Amino acid sequence: MSYESSISRLPSPLKDLVVTSQADVGKTEADKAEVAQWIEKVAEGEVALPDLETQLVPRTYIVSNYLTVADVALYGALHPVFSQLQPAQLYSTPAVTRYFDHIQTRPSVLAAASALSPAFSSVSFDLASAPPIERKVDAPKKKEKAAAVAEQVEPTAVAVSKEDKSHEDKPKDKKEKKKDAAAADNGGKKKEKSSTPAGGKAAAEDAGEPVPSMIDMRIGHIVDVKKHPEADSLYIEQIDLGEETGPRTVVSGLVNYIPIEEMRDKYLVCICNLKPANMRGVKSFAMVLAATSKDGKDGGVELIQPPPGCKPGERVYFEGPDYENAQPLAQMNPKKKIFETIQPGFTTLNTKEAVWINPVTKSVHRIRTKDGVCVAPNFVGASLS
């Protein structure tokens, strides 16, 4: 069924809301077909909250990665239900609640809904008081990685395990003596075979000096933002990072520098492998990358902007053969101060391009995606954090 046919089946004032919202009907033929299917489902009353919850967990919009009339139709159909739900019921479908709140705050939807008031009056949510969702993503990844290493070095797994344990529990000089003794007993070749895999793996983790490729940077999309109820200077954002587990909760101290209107629906760069931190009672699972004026915070703070057309979850990396194809750590160990060591080299060039400058070689490594370089909209010589 075509878009025109499906839209004609919507009841008023829902039909009026969709038509006047000026939302996209689909940028590709496939998107247009999917949009028409969703509007048809809405017209038939075939949208069930449990099924919608499952579908919306990894998504910002119901079709592709931009606002369409299908989102407006869904929002309008859900409005009578959501305007009557109690907090406990809202928290039972967090993905749908987050989605509904995101769609109702889109400027074009707001304008269309206001013209049809009170049919689609704004529904308020106290998302800051929602029960926290415990995210346990990193632990399974580490186990899988450990299992892969065990398969690769199976003949020497016991020896490697003992060597790793000695590295953690014993002083360095004892470790060296143990290696020397092993070399004397087993011969140079055996020592080389057991130490090379372990050494290679350790370097892929966080052994040695911190390097920028250890930092996991990705494109994020703010799908919801509120002021922290317990801290005047903090925002609580829901940021889509393209993960199946849905958006991450991120707390940022940007209230005094960036208006909330400029935070909404923003695409940005996130640091995703910092250890989660409790920020005035709300756990933050990432950090947004922002540029501070060379004159300090009094000169302004702005978000680092990714290239146009980026999608949530896309990899952000440092240019250069040593970093472009390197894998970041699953989680940076706060005791090793990896980010704190690398961060002083973050700045912006005269072109406003975001870069990391190696403090030793002075080589310049631009921060980019596959589509282009990330920039600070206004600042030259800024510091990034």
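Residues numbered from 1 in each chain as written. Predicted model: local features only at pLDDT ≥ 70, side-chain atom pairs only at ≥ 80, totals over all residues. Heavy atoms only, no water.

## Section: the side chain of Asp 71
Along the chain, the position of Asp 71 falls in helix α5 (residues 69-82). Arg 59 provides the closest opposite charge to the buried, unpaired Asp 71, separated from it by 7.9 Å. Within the structure, Asp 71 has its side chain in polar contact with the side chain of Tyr 99 (distance 2.6 Å). If we skip the residues at most four places from it in the chain, Asp 71 touches Tyr 61, Ile 62, Tyr 66, Tyr 99 and Ile 103. (Helix = DSSP H or I, 4+ residues; strand = E, 2+ residues; numbered from the N terminus. Buried < 20%, exposed > 50% of the residue type's maximum accessible area, 1.4 Å probe, protein only. Lys, Arg positive; Asp, Glu negative; His and termini not counted. Salt bridge = Lys/Arg side-chain N within 4 Å of Asp/Glu carboxyl O. Polar contact = N/O pair within 3.5 Å; in protein donor to acceptor, adjacent residues only side chain to side chain. Contact = heavy atoms within 4.5 Å.)

## A word on the packing of aromatic side chains
A complete count under the given rule lists 6 aromatic pairs for this structure. Arranged with centres 4.7 Å apart and planes meeting at 10 degrees, the rings of Phe 82 and Phe 100 form a pair that is stacked. Of this pair, Phe 82 sits in helix α5 while Phe 100 sits in helix α7 (residues 94-104), placing them 18 residues apart in sequence. Measuring from ring centre to ring centre gives 5.9 Å for Phe 318 and Phe 346, while their planes differ by 20 degrees; the resulting arrangement is stacked. Residue Phe 318 is located in strand β10 (residues 315-318), and its partner Phe 346 is located in strand β11 (residues 346-348); the two are separated by 28 residues in the primary sequence. Just as Phe 318 is buried, Phe 346 falls in that class too. Lys 27 extends its terminal NZ or CZ atom over the ring of Tyr 66, reaching a point 4.4 Å from the ring centre. The side chain of Lys 41 reaches across the aromatic face of Trp 38, ending 4.3 Å from its centre. (Phe/Tyr/Trp six-rings, centres within 6.5 Å; stacked < 30°, edge-to-face > 60°. Lys NZ or Arg CZ within 6 Å of the ring centre and 35° of its normal.)

## Some remarks on the pairing of strand β12 (residues 354-357)
Direction of pairing for β11 relative to β12: antiparallel, over a ladder of 3 bridges. Looking at β12, one finds that Thr 347 is bridged to Val 355. Connecting β11 to the antiparallel partner β12 that follows it, the hairpin turn spans 5 residues, and Lys 352 within it adopts a positive phi of roughly 70 degrees. Two strands pair when backbone bridges link them, and β12 and strand β13 (residues 364-369) are joined in this way by 3 bridges, in the antiparallel orientation. Note that in β13 the partner of Trp 356 across the bridge is His 365. (Pairing = 2+ DSSP bridges.)

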